[in-house]
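What follows is the residue order along each chain.
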Amino acid sequence: MTDTAQIPDSVHEQGEYNFAYLDEQTKRMIRRAILKGIAIPGYQVPFASREMPMPYGWGTGGVQVTAAILGKSDCLKMIDQGSDDTTNAVSLRGFFEKTAGVRTTCETAEATIIQTRHRIPEKTLREDQILVFQVPIPEPLRYLEPRETETRKMHALEDYGLMHVKLYEDIAKNGHIATTYAYPVKVNDRYVMDPSPTPKFDNPKIDRMAALQLYGAGREKRIYAIPPYTKVKSLDFEDYPFEIQQFDKPCGLCGAENVYLDEVILDDKGGRMFVCSDSDYCEERRADGHLGPMAADPAAARVGNTKTGETVR
Amino acid sequence: MNLFHAEDPLLQVHNVTRYYGDRIGCSEVSFDLWPGEVLAIVGESGSGKTTLLNCLSTRLAPTAGAIEYRMRDGAMRNLYQLTEAERRLLMRTDWGFVHQNAADGLRMNVSAGANVGERLMAVGARHYGNIRSTADDWLGRVEIDNERIDDDPRSFSGGMRQRLQIARNLVTQPRLVFMDEPTGGLDVSVQARLLDLLRRLVADLGLSVVIVTHDLAVARLLSHRIMVMRHGNVIEAGLTDQVLDDPREPYTQLLVSSILQV
Ligand SMILES: Nc1ncnc2c1ncn2[C@@H]1O[C@H](COP(=O)(O)OP(=O)(O)O)[C@@H](O)[C@H]1O
Ligand SMILES: [Mg+2]
Ligand SMILES: [Zn+2]
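Parameters and conventions
- Residues numbered from 1 in each chain as written.
- Chains lettered and ligands numbered in written order.
- Predicted model: local features only at pLDDT ≥ 70, side-chain atom pairs only at ≥ 80, totals over all residues.
- Heavy atoms only, no water.
- Helix = DSSP H or I, 4+ residues; strand = E, 2+ residues; numbered from the N terminus.
- Rg over C-alpha atoms; globule rule 2.2 N^0.38 Å.
- Buried < 20%, exposed > 50% of the residue type's maximum accessible area, 1.4 Å probe, protein only.
- Contact = heavy atoms within 4.5 Å.
- Areas by Shrake-Rupley, 256 points an atom, 1.4 Å probe, with all protein chains shown as cover.
- Core = buried A, V, L, I, M, F, W, Y, C linked by side-chain atoms within 4.5 Å.
- Donors = N, O, S within 2.8 Å, 3.2 Å for Na, K, Ca; no water.
- Tetrahedral: all angles 85-135°; square planar, octahedral: opposite > 155°, others 65-115°.
- Pairing = 2+ DSSP bridges.
- Axes fitted to C-alpha atoms, helices over the stretch in contact; angles between N-to-C directions.
- Buried area = accessible area lost by both parts, 1.4 Å probe.
- Salt bridge = Lys/Arg side-chain N within 4 Å of Asp/Glu carboxyl O.
- Polar contact = N/O pair within 3.5 Å; in protein donor to acceptor, adjacent residues only side chain to side chain.
- Nonpolar A, V, L, I, M, F, W, Y, C, P; charged D, E, K, R; others polar.
- Parallel < 35°, antiparallel > 145°, perpendicular 65-115°, else oblique.
- Left-handed = near helix turned anticlockwise from the far one by under 90°.
- Disulfide = S-S within 2.5 Å.

S.K.: Please explain the overall build of chain A as it appears in this structure.
M.R.: The secondary structure content of chain A amounts to nine helices and 13 strands. Against the compact-globule benchmark of 20 Å for 313 residues, chain A has a radius of gyration of 20 Å, which places it among compact chains. When its C-alpha atoms are laid out on the principal axes, chain A stretches across 60 × 55 × 35 Å. Within chain A, the proportion of its 313 residues that are buried is 55%. Partitioning the contacts of chain A with sequence separation of at least 6, the portion at a separation of at least 24 is 64%. Of the accessible surface of chain A, which amounts to about 13800 Å², a share of 50% is contributed by carbon and sulfur atoms.

S.K.: Any chance you could explain the nonpolar core here in plain terms?
M.R.: Considering soluble globular proteins, one finds that nonpolar side chains tend to be buried as a cluster. Residues A:Tyr168, A:Phe237, B:Val116, B:Leu164, B:Ile166 and B:Ile211 are the most contacted members of the largest nonpolar core, which totals 68 residues. A per-element tally of this core places helix H6 (residues 161-174) of chain A first, with seven residues. Of all hydrophobic cores here, the second largest spans 32 residues; its members include A:Met52, A:Ala68, A:Ala89 and A:Val102.

S.K.: How do you make sense of the coordination of the zinc ion (ligand 3) when you look at a structure like this?
M.R.: Tetrahedral coordination by four donors places them ideally at 109.5 degrees to one another around the metal; octahedral coordination by six donors ideally gives 90 or 180 degrees. Residue and element names in this part refer to chain A. The coordination sphere of the zinc ion (ligand 3) contains the protein donors Cys 251 (SG), Cys 254 (SG), Cys 276 (SG) and Cys 282 (SG), at a distance range of 2.2 to 2.3 Å. What the four donor atoms of the zinc ion (ligand 3) show is an angle range of 106 to 119 degrees at the metal, which sorts the shape as tetrahedral. Counting gaps between the donor residues of the zinc ion (ligand 3) yields the pattern C-x2-C-x21-C-x5-C. When its relative accessible area of 3% is taken as the criterion, Cys 282 is described as buried.

S.K.: Help me understand the sheet that holds strand E4 (residues 64-70) of chain B in this model?
M.R.: Within a sheet, adjacent strands bond to each other through the backbone by hydrogen bonds, running parallel or antiparallel. Residues and elements named next belong to chain B. The strand order across the open sheet built from four strands is E2-E1-E4-E5, with neighbouring strands paired in antiparallel fashion. Two strands bound the open sheet, and with one partner strand each, they are strand E2 (23-33) and strand E5 (76-78). Strand-to-strand, the axes of this sheet are offset by a mean angle of 25 degrees, without reference to chain direction.

S.K.: Teacher, can you tell me more about the interface of chain A and chain B here?
M.R.: A common measure of how large an interface is: the accessible area buried when the components associate. Between chain A and chain B, the residue contacts involve 20 residues of the former and 22 residues of the latter. In total, about 1900 Å² of surface goes out of reach between chain A and chain B, with carbon and sulfur atoms giving 58% of it. Contact with chain B buries area across many residues of chain A, yet A:Leu157, A:Val165 and A:Tyr168 alone supply 29% of it, more than any other trio. At the boundary of chain A and chain B, one finds four salt bridges. Taking the shortest distance from any N to any O, the salt bridge between B:Arg88 and A:Glu150 comes out at 3.1 Å. Remark: the boundary between chain A and chain B carries 13 residue pairs in polar contact (both at pLDDT 80 or more). When contributions to the side of chain A that touches chain B are tallied by element, the ones reaching two or more residues are helix H5 (148-156) and H6 of chain A. When residues of the side of chain A that touches chain B are assigned to their parent elements, the largest contribution, nine residues, is made by H6(A). Looking at the side of chain A that touches chain B residue by residue, the classes come out as ten nonpolar, two polar and eight charged.

S.K.: How should I be thinking about the packing of helix H4 (residues 112-122) of chain B against helix H6 (residues 158-170) of chain B in this particular structure?
M.R.: Residue and element names in this part refer to chain B. Running from N to C, H4 and H6 point in directions that differ by 30 degrees, and their axes come no closer than 7 Å. One way to sum up the angle between H4 and H6 is to call them roughly parallel. Crossing angle aside, the handedness with which H4 passes H6 is right-handed. In this structure, H4 uses Ala 112, Asn 115, Val 116, Glu 118 and Arg 119 to contact H6, whose residues at the interface are Leu 164, Ala 167, Arg 168 and Asn 169. Its residues assigned to classes, the contact of H4 with H6 shows four nonpolar, two polar and three charged.

S.K.: Looking at this model, I keep getting lost on the state of the cysteines. Mind explaining?
M.R.: Here, disulfide denotes a covalent bond that connects the sulfur atoms of two cysteines. According to the stated counting rule, one finds zero disulfides over all chains in the structure shown. Here A:Cys106 stays free of any disulfide, with the sulfur of A:Cys75 as its closest cysteine sulfur at 9.6 Å.

S.K.: How should the packing of helix H3 (residues 60-69) of chain A against helix H4 (residues 87-100) of chain A be read in this particular structure?
M.R.: For any two helices packed against each other, one specifies the crossing angle of their axes together with the interaxial distance. Residue and element names in this part refer to chain A. Between H3 and H4, the least distance of the axes is 12 Å, while the angle of their chain directions is 30 degrees. Here H3 lies roughly parallel to H4, going by the angle between them. When the axes of H3 and H4 are compared, the crossing they make is right-handed. Mapping the contact onto sequence places Val 63, Thr 66 and Ala 67 in H3 and Leu 92, Phe 95 and Phe 96 in H4. For the contact of H3 with H4, the per-class residue count stands at five nonpolar, one polar and no charged.

None of this, on its own, says anything about what the molecule does.
Structure follows, in C-alpha cells:
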C-alpha cells in the first residue's frame, strides 16, 4: 500500500487551478474517451493520461475520470477498500474539495459520483449515480499473453480462449476457480474485461447495474465503461459455475448478512472479528439499531468507532 | 501409383517465392498435396525448407505466388485472402504446426492438460471435465504418463515436450499438419521412439503432413513423396523410395550417399 504518501500542500496552495484541477481541453479529451467507452461497453479506450499531483497506484486514472465528469452541483464520495477513512480516500476527497469545492459525503445514497478502488457499495446504486473505478491493470489477457499487439488482436477477433486456459489452470491446481479478485467478465456478450481489483463478490453488482460505471487506468492510459443496465457475465465452466465468496458469519458489529466482510484484528491475543468492508453501510445499520454478535465487546466497539485500515488480507 | 489422386488435392501451391530483401528464401515452388499424403521437404541447412514451410502455413507471406487450400466445406480458398479470424480458426482447428523447438509451440507456464485443452477452449469448449478427459486421453496417445497432466512442460524431457506439442496440435483432429524438423535436437533413441509414434498417429488419423527435415532417414520412414531443395529451388521431386533409391540429380546423389556413410 502507498497509503503513507501525502498529496503535497503546495498543490492546493499554488492558487489558480482550473475547476477540478485539469484544464478544460484535457477534460474534453477524457470525456471523448469516456463517451467512446460507453458506446463500446467493455472496450479499453486509449487516452492521453496526464501527470497528476499524486503517484500512480493512488488512482490517477480514476481521479482524471472524476475530474472530467465532475460538476459544481455534484456530491462526491471516495472509497478505498470499502472505507471512506483510509489515508488514500481522505486525501483524494480533500483533493477535490480543494480543487473543485464540491460537496463530499460518506453516505452512498447521497453521492452523485462515487470513486472507488476495490469495492462496490452494498447499497444498490441508482440511475442518477456514477461509479468511477481506479484500475491498476486493465488488460485481462496479460497474464498469459504479455504482447500488447497480440492482446489487441485477440480483443478485435473476440479470441478469448486464453481466459479459460487461466480458469482451467486454476481448477487443475486448486480444485476450484481460485481467482477471487479481478475476476474476468464478458460485457454485453462481446468484450472480456477486468473489473480489477474488486473482489469477485462484487461481480454480480456490476451486472445490469442502474448506475453508469467508468473505469480509469492512469499508468496504463486506458478508460473503459459499462453503461447502465448492461449484461455482465463472469466467465466460468459449465461444471464449475461462477460463485461469490460466502461468509459463514454475519458482520460482528451490525449483524449484516450477504455482505462482503473484512477480518479485523481486535487485540494482540489473536482476537478477531468479521465486519462489513463497506463502513458507511455498517454505520447506517447500527444507527438504525441493528446489532451484531460482537457489538457489546469493548474492543470491537472501538473498531466500530474508528475503523482503521488494520484489516487482514 | 496414383495412390492419392482419387480425391481432389488438399493444398495447391503455385510458384511460391519468398525474398528476404534481395536474398532468395525460396523460389517458384509449385506442387499439390493430396489427402492422407506425407510430403518431406529435404535439403541442406539454408536451402529454403523453413521459408517454404512458413509460407505454406501462412506464418510468412510469400513475395509472389499463391497457395490454395480445400476448406472443410470443400471450397478451395486462397490462403492469403482469408480474413485474420478465418486464418486463426484454420490454424487452430484444421491445421497443426509442430516446431523443432517444443518451447516455441507450447505454453511453458501452464500445465500439460491446459496445453492440450487450449485449442478446445479456443473453439468454445466450456466443460472442464470434458476438456480434462480429452486431454487425459491425448496424453495417453502420445505416451505421456497421465500422472503428469497437471505438471508444467518445463519439468518435461525434450522427447516428452515434443510429444506434448504433438498432442496439443492433434486434439482438434486437424487434416493437415506442418512439421519443422520435429526430431531435430533429440537423442537418437528418443528420435526413434518419436518417429515411431508419429508414423502410427499419421496412419491412424489419415493426416496430410508437410514435414521439413535435413535427415533423409526421417523422410524415408515417414513420407510418401519427397522434394529436394537447393538454394531455394526444388531440384528434384518424386516418390520417396524412387528418389532415395535412384536419385537423378547429382546433388541428390550426393545427399543420399552422404547418409549412407553415416
Ligand atoms: N529472416 C530472415 N532474414 C534474412 N534471410 C533469411 C531469413 N530466414 C532465412 N533466410 C535466408 O533464406 C535462406 C533459406 O533459409 P531457411 O528457409 O531457413 O532454410 P532451411 O530451413 O533449409 O535451413 C537462407 O539463405 C537464409 O539465410
Ligand atoms: Mg530450417
Ligand atoms: Zn456491518
